[in-house]
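# Understanding the architecture of this molecule
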Amino acid sequence: MARASSVAKQTGKTGEARKGERYREMSVAEFFARNRELAGFSNPTRALYQTVRELVENALDATDTHGILPFIQVSITYDEELEAKHGNAKKWFRVTVEDNGIGVPPTVIANAFGRVLFSSKYVIRQTRGMYGLGVKAAVLYGQMTAGKPVEVYSSIGNSEYVYSRKLYIDTEKNEPRIVERGQWRKRSGWHGTRVTITLEGDWSRAKSRILEYIKRTAIIAPYAEIVFETPEGQVFVFPRLTNKMPPPPKEAKPHPHGIDVNQMKLLLQSTNARTLLQVLVTEFQSVGKITAEKFLKQVGIPPDIKPRDLLRKEYNDLLVRLVDSMKSYRGFRAPKSEHLSPIGEDLIKLGLKRMFEPEWVDAVTRPPRAYAGHSFIVEVGIAYGGALEPVQEPLLLRYANKIPLLYEEREDVAYKVVSNINWKIYRVEFPAPIAVLVHIASTKIPYKGVGKESISDVPEIESEIRTAVQEVARRLRLFLGRKAREAEARRKIITIAKYIPEIARGLAMLAKPPEKWSPPSEDEERRLMEALIKLVSRNIEIPEIPGVDHEDPEKVVRSVIENIHLE
Amino acid sequence: MSSVPSDKVDVEARRRAAKVIHEKFRKVLDDILKGKPPKLVIPKRTLANTRFDPEKGILVMGEDVIERELLNMGEARRFMQTILMASIIYQALIENEYPTIRDLYYRGKHTIVYRDLRGRKREENTWEEQAESDSVIRDVEVYTGMLREDMLILSKEKGKVVGRMKIRSGGDTIDLSKMGHGAYAIESTPDLIEFLDVDAEFVLVVEKDAVFQQLHRVKFWDKYKALLVTGAGQPDRATRRFVRRLNEELKLPVYILTDSDPYGWYIYSVFKVGSIQLSYESMRLATPKARFLGVSMTDIFGWKGKKPYLTERERRNFIIKAKDLDIRRARELMKYSWFQTPRWRRELKIFLQKKAKLEIEALASKGLKFLADKYIPEKIQTGDWIE
């Protein structure tokens, strides 16, 4: 944790430096306070949504990432105190999210919530947040608009105590300022974290987005129990559907293709390796000793150069050349993907089934691929029919590292792919009741902006999404084909069966020879009708659809003319 | 309406028709009871399946058939309609009724109620317009090989006859020479007519009712030992069947007198070879030996040695300029093989050259005597007709 923290602080500064020369003297916290739209806090509606999102994602990261079945309670309430103070305006909210996760150690709480870019997440691992910035942005926004501290209660698994902290962020110093602390002995085995942020928001505008966000979270994490309470006291419960969880993601070393000069500098500072060769072998994945030697020989950099020396000014050009060569060298093995945590086909299907009760659902998890040294996995699920409303283009459910993405849909690579698919090939005729879920799991999601709402069209990712959508869509086509044939058979049955009573009556009349003619009895008509019912049902086949009860054609024939009396 | 059939011919006709229907549909029934998908094999009633049989001199149906299958979505409705129509006709035959085609339409028209796959009640009529049920009647005719007249289905009477002959119909004996100024309306069921005493030597069929009346008033038929018939324009089936019987059973030559225009020629063609739309009837309705007596183009304009019946002045007064439609009709007729004899080609050629036509009334206005005592007898005696 200590190392992660120091790394994070460093990154923060360099990250800031990259933003532009003007902000050199400004603290990171201040920078984000002034540029809050970058983190998704541009207005009260978006801020409320973003706060819920940051807290829920932290809660999920504290649970499923550590193999704990999540139980997450979200509540938004009106802050009556502020209301009274500000003339009863209904714009002050307390957002509380409680999880049953690993908890935050008491010594870390203050920095975790009160120092921008302090995060346990700054390692190369697939987690929901990456910048370690989100929750702090929410805290900052809260203290700026409502003036109240963030309230944190937390307990780690083996601790006998629950600790609480109320704190502000000192934006100039980028430091937490604790205003209240507490400590209680635990009466139960509870562990986890409960965070409350008070802020100015717009519930009436944010409501549908927040509900959608919670719903989509429940789709992607059917192993989580999620309870959501609205300011009006409405409670939404998404019960846990399964105890099966995707395996937690593991930490991984960076791949040489995915490194940049700054990261390389940090790495050289903190490494215990004594030579550049050792750095390559121990600090990177997919690099063995032989590969490293071959690589250095080819680029003409001495393998025994000391890591610290490379940081010296006079070696700067060499360092840049080294990093450039690492990025382009073809001899490294592909990035590993074991540390990625896809949701899996079963869980995707389960989540979609619960939300849409579709007639048909299927999903695919693609094999791992890499772009620029970062491994990624694309997963796609398609649901069709059932509770889905017919729409003009597929309902797109986008996820990145299990986070639902709701805004900027049309900017997203998944939208680009899905809207360019020729759905007619797959027998989908719009308006159609269809939803397409696209999940990208990666150690680095190539977001378009700091708002983390849309993913750039990286060619490797784009092509994987397309392949995945096509694969599931092909299965959908088979289903729709069978369904069409089935509908055709049923239409045929109706078209023919409705005439059975009329034909039976006519033929019963014609069946009597002229010399011994008498009006046919009901029995005679009935007998002919039965013969016709048998004949029609035996000769029209209703194709079977897997997963759908196969109907007896005779039953269908009878249902058409049942209880119908001729005039 | 059931009554004791009044006459033996009627009883016999009913028995025969009912038997045919019963046997034909018995096959469908047997298929169903054996579990075999039922079908009605029906000769195609399309223009493409109509051809001229030069040997018989009539239009006949070709070999094409349609198999109307119950299990074919597109044909199930027509299958049902055919069974329905046959059963109504069958019942009418047995119960001694004489339905008209309109009666058949009403008797068969009702609503089928069924449920769709969602269990909702739906309705459909067995047929909508009479055109639909009339078409089904034609199917029953073709399928059973009988005409509606054979099945004692009535239609509006249109044709008339007078002349030196006695007939029996519905148990009554009728003297066709004692009809006053009126005439005997040729009944819808001409096969139920029995020919008794015949004292005529030929049959003269005139296209127009007005000319028929004029010739009747001057007792043309009496003076020239003839039977005088009119179809009053486009002849109905009963008139054509009646004429056919006169020709076939009594061996009387049949002469046809129409306007001198493509329309008149087509009426002659209908009497002689049958109608193109309903070629299946021709076997029983056409009179292939019918002769076209006139008015021919050569009657008007003359030809080589033949002197025209009209003077130059009369031509100027009586001739009507042919319309575009007439020209088009004439060109159409030229395509039919039975109009491709040298004499007909000559007629059509003159017509297209002169673009002139003439109504029979024009000849009558030259003097009824001219028509009755000169034109017609002379043409018959000199054999100046076209086969």
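By convention here, each chain's residues receive numbers from 1 onward along its written sequence. Whichever chain is written first is A, and whichever ligand is written first is 1; the rest continue in order. Only residues with pLDDT of at least 70 get local features here, since the model is predicted, and only at 80 or more are side-chain atom pairs given and counted; chain-wide, interface and lining totals rely on the full set of residues. Based on all heavy atoms of the structure, the side-chain values leave hydrogens and waters out of the count.

As a further point, take the interface of chain A and chain B. Listed as interface residues are 34 residues of chain A and, on the opposing side, 41 residues of chain B. Ranking the residues of chain A by area buried against chain B places Tyr499(A), Leu510(A) and Leu535(A) at the top, with a combined share of 20%. Salt bridge, as used here: a side-chain nitrogen of Lys or Arg that lies within 4 Å of a carboxyl oxygen of Asp or Glu. Across the contact surface, chain A and chain B share one salt bridge. The salt bridge involving Glu124(B) is made with Lys498(A); its shortest N-O contact spans 2.5 Å. Any pair of N or O atoms that falls within 3.5 Å is considered a polar contact. Within protein, one atom must be able to donate a hydrogen and the other to accept it, and sequence-neighbouring residues count only if both atoms are side-chain atoms. At the junction of chain A and chain B, the tally comes to eight residue pairs in polar contact (both at pLDDT 80 or more). Whether two residues touch is decided by their heavy atoms; if any such pair falls within 4.5 Å, the residues are in contact. When two parts are brought into contact, each loses some accessible area as probed by a 1.4 Å sphere; the total of that loss over both is the buried area.

Turning next to the environment of Ile102(A). All names here are of chain A. Note on conventions: DSSP H or I runs of at least 4 residues are helices, E runs of at least 2 residues are strands, and numbering of each starts at the N terminus. With respect to the helices and strands, the residue Ile102 is situated in the loop between strand 2 (92-98) and helix 5 (106-114). What makes Ile102 partly exposed here is its relative accessible area of 35%. Distance in space between the C-alpha atoms of Ile102 and Trp92 is 30 Å, their sequence separation being 10 residues. Each residue gets one of three labels from its accessible area relative to the maximum for its type: buried under 20%, exposed over 50%, partly exposed in between, using a 1.4 Å probe on protein chains only.

Turning to a positive patch on the surface, a few remarks are in order. Residues Arg427(A), Arg474(A), Arg477(A) and Arg485(A) make up a contiguous surface patch of positive charge. Here Arg477(A) is to be found in helix 15 (residues 459-497). Without a salt bridge and with relative accessible area above 30%, a residue can belong to a patch; like charges are then joined within 9 Å and nonpolar side chains (Val, Leu, Ile, Met, Phe, Trp, Tyr) within 5 Å. Using a 1.4 Å probe, accessible areas were evaluated by the Shrake-Rupley method; residue-level cover was limited to the displayed protein chains. Charge assignment in this entry is limited to Lys and Arg as positive and Asp and Glu as negative, and neither His nor the chain termini are counted. The atoms used to mark charge sites are NZ of Lys, CZ of Arg, CG of Asp and CD of Glu.

Because each turn of an α-helix spans 3.6 residues, side chains separated by three or four positions in sequence point in the same direction. By the burial criterion, the buried members of helix 18 (residues 553-561) of chain A are Pro553(A), Glu554(A), Val556(A), Val557(A), Val560(A) and Ile561(A). For helix 18 of chain A, the angular spread of the buried residues around the axis is 160 degrees, confining them to a single face. The inward-facing, buried residues of helix 18 of chain A contact helix 15, helix 16 (500-510) and helix 17 (522-539) of chain A together with strand 5 (111-115) of chain B. Each direction from the helix axis to a C-beta atom contributes to the arc, which is the arc of those directions.

Here we take up the sheet that holds strand 1 (residues 71-78) of chain A. Residues and elements named next belong to chain A. What the eight strands build is an open sheet, ordered 5-4-3-6-2-1-7-8; its pairing is mixed. In this open sheet, the two strands that pair with only one neighbour each are strand 5 (175-185) and strand 8 (235-238). The mean angle between the axes of side-by-side strands here comes to 10 degrees, regardless of whether they run parallel or antiparallel. Strand direction decides the pairing type here: strand 2 and strand 6 (residues 192-200), joined by seven bridges, are antiparallel. In the strand pairing of strand 6, Arg94 is matched with Thr198. Strands strand 1, strand 2, strand 7 (225-229) and strand 8 of the sheet are contacted by helix 7 (residues 203-220), whose axis makes an angle of about 170 degrees with strand 7. The criterion for strand pairing is that DSSP finds at least two bridges linking the strands in question. Note on definitions: angles span 0 to 180 degrees between N-to-C directions of axes, and those axes are lines fitted to C-alpha atoms, for helices only across the stretch in contact.

Right, let's get into the sheet that holds strand 7 (residues 160-163) of chain B. All names here are of chain B. Pairing within the open sheet is mixed, and its six strands lie in the order 10-7-13-12-14-15. The strands lining the two open edges of the sheet, one partner per strand, are strand 10 (184-185) and strand 15 (291-294). The pairing of strand 12 (residues 202-206) with strand 14 (residues 254-257) spans four bridges and is parallel. When the sheet's bridge partners are listed, Val205 is paired in strand 14 with Ile256. Across the sheet, helix 7 (residues 237-250) lies against strand 7, strand 12, strand 13 (226-230) and strand 14, angled at about 160 degrees from strand 13, the strand it touches most.

All names here are of chain A. The domain boundaries here were taken from an automatic or database domain assignment. We note that the domain assignment places domain 1 (2-238), domain 2 (256-328), domain 3 (345-478) and domain 4 (498-561) within chain A. In this complex, domain 1 contributes 29 residues to the contact, which on the side of domain 3 involves 28 residues. With both sides pooled, the region where domain 1 packs onto domain 3 buries about 2,900 Å², and carbon together with sulfur makes up 61% of that total. Our count for the contact surface shared by domain 1 and domain 3 stands at two salt bridges. Where domain 1 packs against domain 3, one counts five residue pairs in polar contact (both at pLDDT 80 or more). Secondary structure elements with two or more residues in the side of domain 1 that touches domain 3: helix 3 (44-63) and helix 7. With nine residues, the single largest contributor to the side of domain 1 that touches domain 3 is helix 7.

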